[in-house]
Amino acid sequence: METFKGGQHIDGFKYLSREMAIKIMPLPSQVIIPLSQHTGAVCEPVVKKGDMVKTGTMIGTSDKLISSRIHASISGVVKDIVEYNHPVLGQSKAVIIDSDGKDTLDSSIVKRTKIEELSKEQLLEIIKNAGIVGLGGAAFPAQVKLNPLKPVDTLLINGVECEPYLTCDYRLMLEHTHSILKGIGLMQKIIGVERVVIGIEEDKQEAIKLLRNKCVEKKYDIEIVCLKAKYPQGAEKQLIKAILDREVPSGKLPFDVGVIVSNVGTAFSLFEAVYNAKPLYERVVTVTGKCLKQPSNLKVRIGTRFKELIDFCQGFKEAPGKIIMGGPMMGISQYTDDVPVIKGTSGILILSQKEVDEYTQGADQPCIRCGRCVNICPVGMLPYALSLCVEMDRLDKAAQYNPFDCIECGTCTYVCPAKRQILSGIRLIKAVTR
Amino acid sequence: MSEKNTSVDLAITSSPHIRAKETTAKIMWSVTLCLIPSGLVSIYAFGLSVLWIILTSIVCAMASEWLFNCYLQKKPNSLMDGSAVLTGLLLAYNLPAGAPLWMAGLGSFVAILFGKVVFGGLGFNIFNPALIGRVFLMASFPVLMTRWPAPFKVDAITAPTPLAVFKDGFSGSPILNPSEIIHYSYSDLFLGLRGGCIGEASVLALLLGASYLMFKKYISWKLPLSFVATVGIFTWIFGGSSFFSGDYILHILSGGLILGAFYMATDYVTGPVTIQGQIIFGIGCGIITSIIRLWGGYPEGVSYSILLMNMGTPLIDRFVKPKRFGDK
């Protein structure tokens, strides 16, 4: 089975939500839509307080190259444009919309016909207008990624979902198989590549089977590769290594080795943008955790507060200790549940007070040089050495250990028997020496 | 507008938010546990006095750890991480079965103080602490350290170790009366019916424990194998009266080779971090051990080989690094 060097099998806890079909979350009465939900320039609002908006109306845009448009996710009135809690940035300017309860669609949202006749440029324009970003994590604007500066020969589709707990991509693959394949077809057309490969971990056999059957049935020329279930298999560079045996050097991007990587969720939203003219105003979010009464996969409007999702999952069985946007390995812990779902919110994970205590117990013991972090590091670093540089306050020594190679997957910190906060240290080094 | 939710008290940390269950203490206690079968064989073969040596050594190691770390340096209590217990146990395993108790205690004290504390405690020591204790005792009390009781002899007749027999031949060693020389078969050596240090007695028991450590991936089989194989090959080539006629099985099964290769050369702190580095370390240990055994002044070379290679660890780590992702 294909894989990369290093990494670690991590108990996935995916059983909590993997059998839960995607449910449509009821409309929220208010949404908070941050004007920065992507990699790149912050959008300027194009609506003002008191404006009426419809579902799918553009409310923010930027004339910068790397940016992505923002749309209203419900119909109603713009209550205000203020600084509000943001799951990644802490605080950011956001448009607050009060719902009128009608969910009236914007007039631009009408099913498209004659998709085949659309040119590459027209497709890119549609994607740009729809505010599509990569839904795998970095939320990179899709119209930029799909128009690479260098020639590429392969499109890789990431269906790995190696983050523990998360199952939204898995559910999408099961429930929207054909739409995803159509979305991939569009990407293929835009980039103009022959070869398309979907990578999926071995623990998602049903998805692999479904996609394979669909490909045969609809005569799609797409390879589906079964990958070893190992974290961080879904990291871009590791995926390319596993499937194509090409290595993207530090500081380079996939197109430098002739590859574009996109997520299955992105393919799905691209399908919706092109076929249904639907901007990216909702997404599937896995809401999970052992202390949650009913872990679920929910289709949620962007801007819905975490609290409402948690309430929809019937709240907590025991006291929550941590609310994380994303998975447990790379997710971001939140200081409040009054924070909106954004385009990059793949999951909301709740750890109980007890779990948090368990995981923080005995932190920062002396490094015993056991070498676990070295063996698992997917980019061939010496994490323990960087951690020691921080401990000894010798950041001047850190540069020789290539701290900027780090993809921040967190595996070193996960495996450390001395419970050292290795990744925090590497982040510190990066921040100080940048 | 935005308010902090006060109904819940949320922890904020950077990722990752989960940890594997492995801990330093768990590893140390597992190694300790895996050494127990060998100790039991020794108690069975040499009598209860062995138990008292082991206990004295462990207690003194823990007391020294507490004194220097917790009491004098006011560091957090490190006794439960199991490293002091392991050092005490390993030191005891490096003593002859007839060693006096004060020697075990003194050795432990030196092991902890000069093997570990002076370097900054666990993780910062250059040399294997137990071996520091052992070579200190070897240098200070050479006679006591080489008086080996024969197994199953209550009156503790001094019997030579197989390696001493091999080395000194039948011409008589300075310490031993030739008439008392006992010959051991390979199966005696394997099962543990021979003179020697406490922990060296039974190869079978040592391998039993080591197989668990390898199963749990606490140690890699590559380092011990490269160590043992190097000794085997080296002594086979140079150990006999002509080339390629050495008794390599005797060399592999006797002395502290198995104990050293599986339990002391594999010490995380004092060995290289990369697998490739560990193999170099093992080969180096094997060569030094063989040279000392065949041509050196001591019958046994495992301790010195490991200590010498410990010194080479930083150098190995400097030159043997994992391949940087993206490099050709």
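Keep in mind that this is a model prediction, so the values were computed, not measured.

Chemist: Run through the overall build of chain B, naming residues and quoting values.
Modeler: Looking only at helices and strands, chain B has 14 helices and zero strands in total. Mapped from its N terminus to its C terminus, chain B presents α and β elements in the order α-α-α-α-α-α-α-α-α-α-α-α-α-α. Burial statistics for chain B: of 328 residues in total, 57% are counted as buried. Considering only residue pairs separated by 6 or more positions, chain B has 73% of its internal contacts joining residues 24 or more positions apart.

Chemist: Please give an account of the overall build of chain A that cites residues and values.
Modeler: Assigned secondary structure in chain A consists of 13 helices and 17 strands. Taking 22 Å as the expected radius of gyration for a compact globule of 434 residues, we find that chain A reaches 21 Å, a close match to that expectation. Along the first, second and third principal axes, the C-alpha atoms of chain A reach 65 × 50 × 40 Å. Residue pairs in contact within chain A that sit at least 24 positions apart in sequence constitute 73% of those at least 6 positions apart.

Chemist: I'd like to hear about helix H5 (residues 205-217) of chain A, residue by residue, with values.
Modeler: Residues and elements named next belong to chain A. With 13 residues, H5 extends 18 Å from end C-alpha to end C-alpha; this agrees with the ideal 18 Å at 1.5 Å per step. Looking at H5, one finds that the buried residues are Ala 207, Ile 208, Leu 211 and Cys 215. One side of H5 carries all its buried residues, which in axial view fall inside an arc of 100°. Facing away from the buried surface of H5 by more than 90 degrees, the exposed residues are Lys 209 and Val 216. Structurally, H5 contributes buried residues whose contacts are with helix H3 (168-175), helix H4 (177-191), strand E10 (195-201) and strand E11 (223-227). One or two positions beyond H5, positive phi appears at Lys 219, with a value near 60°.

Chemist: Before we move on, can you summarise the interface of chain A and chain B with the specific residues and values?
Modeler: In many analyses, interface size is given as the accessible surface area lost on bringing the parts together. Between chain A and chain B, the contact holds 69 residues from the first and 44 residues from the second. In total, about 4,800 Å² of surface goes out of reach between chain A and chain B, with carbon and sulfur atoms giving 57% of it. For the pair chain A and chain B, the number of links is three salt bridges. As a salt-bridge pair, Arg324(B) and Asp405(A) come within 2.5 Å of each other at their nearest N and O atoms. Ranked by residue count, the leading element in the side of chain A that touches chain B is strand E15 (residues 320-325) of chain A, at five residues. Among the residues making up the side of chain A that touches chain B, the classes are represented as 36 nonpolar, 20 polar and 13 charged.

Chemist: Give a description of the packing of aromatic side chains that names residues and reports values.
Modeler: Residue and element names in this part refer to chain B. Counted by the stated rule, this structure contains 14 aromatic pairs over all chains. Here the aromatic rings of Phe 234 and Phe 238 are separated by 5.0 Å at their centres, their planes lie at 50°, and the arrangement is tilted. Of the two residues, Phe 234 and Phe 238 are both situated in helix H10 (residues 222-238); the distance of four residues between them amounts to about one turn of the helix. Given the relative accessible area of 15%, Phe 234 is considered buried.

Chemist: Any details on the side chain of Glu247(A)? Residues and values, ideally.
Modeler: Relative to the assigned elements, Glu247(A) resides in the loop between helix H6 (236-244) and strand E12 (259-263). Only 3.0 Å separates the side chain of Glu247(A) from the side chain of Lys241(A), close enough to count as a polar contact. Looking at Glu247(A), its side chain comes within polar contact range of the side chain of Lys323(B), at 2.9 Å. Not counting residues within four places of it along the chain, the set of residues in contact with Glu247(A) comprises Lys241(A), Val257(A), Lys323(B), Arg324(B), Phe325(B), Gly326(B) and Asp327(B).

Chemist: Could you give me a rundown of the pattern of salt bridges, with the residues and numbers involved?
Modeler: All names here are of chain A. On inspection of all chains with the given rule, the structure shows 28 salt bridges over all chains. The salt bridge involving Arg 18 is made with Glu 19; its shortest N-O contact spans 3.7 Å. A residue is classified by how much of its surface remains accessible, and Arg 18, at 16% relative accessible area, is buried. Take Glu 19: its relative accessible area is 53%, and that puts it in the exposed class.

Chemist: Explain the nonpolar core to me, and be specific about the residues and the numbers.
Modeler: If you look at the biggest cluster of nonpolar residues, it comprises 71 residues, and the most contacted ones within it are Leu35(B), Phe227(B) and Tyr263(B). Tallying contributions element by element places helix H1 (residues 24-46) of chain B first for this core, with eight residues. Other than its neighbours up to four places away in sequence, Tyr263(B) contacts Val31(B), Cys34(B), Leu35(B), Leu90(B), Leu206(B), Gly209(B), Ala210(B), Leu213(B) and Ile258(B). Core analysis: the second largest hydrophobic core is formed by 55 residues, Phe13(A), Leu382(A), Leu395(A) and Tyr414(A) among them.

Chemist: Quick one: what's the story with the packing of helix H5 (residues 129-140) of chain B against helix H14 (residues 302-319) of chain B, residue by residue and with numbers?
Modeler: Residues and elements named next belong to chain B. Direction vectors running N to C along H5 and H14 enclose 125°, while the axes themselves pass 10 Å from each other. When the axes of H5 and H14 are compared, the pair comes out oblique. When the axes of H5 and H14 are compared, the crossing they make is left-handed. Residues Leu 131, Ile 132, Arg 134, Val 135 and Met 138 of H5 pack against Ser 303, Tyr 304, Ile 306 and Leu 307 of H14. By residue class, the composition of the contact of H5 with H14 is seven nonpolar, one polar and one charged.

Chemist: So, the pairing of strand E17 (residues 347-352) of chain A: which residues are in play, and what are the values?
Modeler: Residue and element names in this part refer to chain A. Most of E17 sits out of view: six of its six residues are buried. Taken together, the five bridges between E15 and E17 define a ladder with antiparallel strand orientation. Each residue of the ladder has a partner; that of Ile 323, found in E17, is Ile 350.

Chemist: Explain the environment of Phe227(B) to me, and be specific about the residues and the numbers.
Modeler: Residues and elements named next belong to chain B. Structurally, Phe 227 is set in helix H10. Judged by its relative accessible area of 0%, Phe 227 falls in the buried class. With near-sequence residues (within four places) excluded, Phe 227 lies in contact with Leu 257, Gly 260, Ala 261, Ala 265, Gly 282, Cys 285, Gly 286, Thr 289, Val 302, Ser 305 and Ile 306.

Chemist: Go over the pairing of strand E5 (residues 58-61) of chain A, please, and point to the residues and values.
Modeler: Residues and elements named next belong to chain A. Looking at chain direction, strand E3 (residues 44-45) and E5 are connected through two bridges and run antiparallel. Looking at E5, one finds that Pro 45 is bridged to Gly 60. As paired elements, E5 and strand E6 (residues 70-71) share two bridges and run antiparallel to each other. Counterpart to Gly 60 in the pairing with E6 is Ile 70.

Chemist: Talk me through the packing of H3(A) against H5(A); I want residue IDs and the actual numbers.
Modeler: Residues and elements named next belong to chain A. Direction vectors running N to C along H3 and H5 enclose 35°, while the axes themselves pass 9 Å from each other. Where H3 crosses over H5, the two elements pack in a sense that is left-handed. Of the residues in H5, those in contact with Tyr 170, Met 173 and Leu 174 of H3 are Glu 206, Ala 207, Leu 210 and Leu 211. When its residues are assigned to classes, the contact of H3 with H5 shows six nonpolar, no polar and one charged.

Calculation criteria
- Residues numbered from 1 in each chain as written.
- Chains lettered and ligands numbered in written order.
- Predicted model: local features only at pLDDT ≥ 70, side-chain atom pairs only at ≥ 80, totals over all residues.
- Heavy atoms only, no water.
- Helix = DSSP H or I, 4+ residues; strand = E, 2+ residues; numbered from the N terminus.
- Buried < 20%, exposed > 50% of the residue type's maximum accessible area, 1.4 Å probe, protein only.
- Contact = heavy atoms within 4.5 Å.
- Rg over C-alpha atoms; globule rule 2.2 N^0.38 Å.
- Expected span 1.5 Å × (residues − 1).
- Arc of directions from axis to C-beta.
- Buried area = accessible area lost by both parts, 1.4 Å probe.
- Salt bridge = Lys/Arg side-chain N within 4 Å of Asp/Glu carboxyl O.
- Nonpolar A, V, L, I, M, F, W, Y, C, P; charged D, E, K, R; others polar.
- Phe/Tyr/Trp six-rings, centres within 6.5 Å; stacked < 30°, edge-to-face > 60°.
- Polar contact = N/O pair within 3.5 Å; in protein donor to acceptor, adjacent residues only side chain to side chain.
- Core = buried A, V, L, I, M, F, W, Y, C linked by side-chain atoms within 4.5 Å.
- Axes fitted to C-alpha atoms, helices over the stretch in contact; angles between N-to-C directions.
- Parallel < 35°, antiparallel > 145°, perpendicular 65-115°, else oblique.
- Left-handed = near helix turned anticlockwise from the far one by under 90°.
- Pairing = 2+ DSSP bridges.

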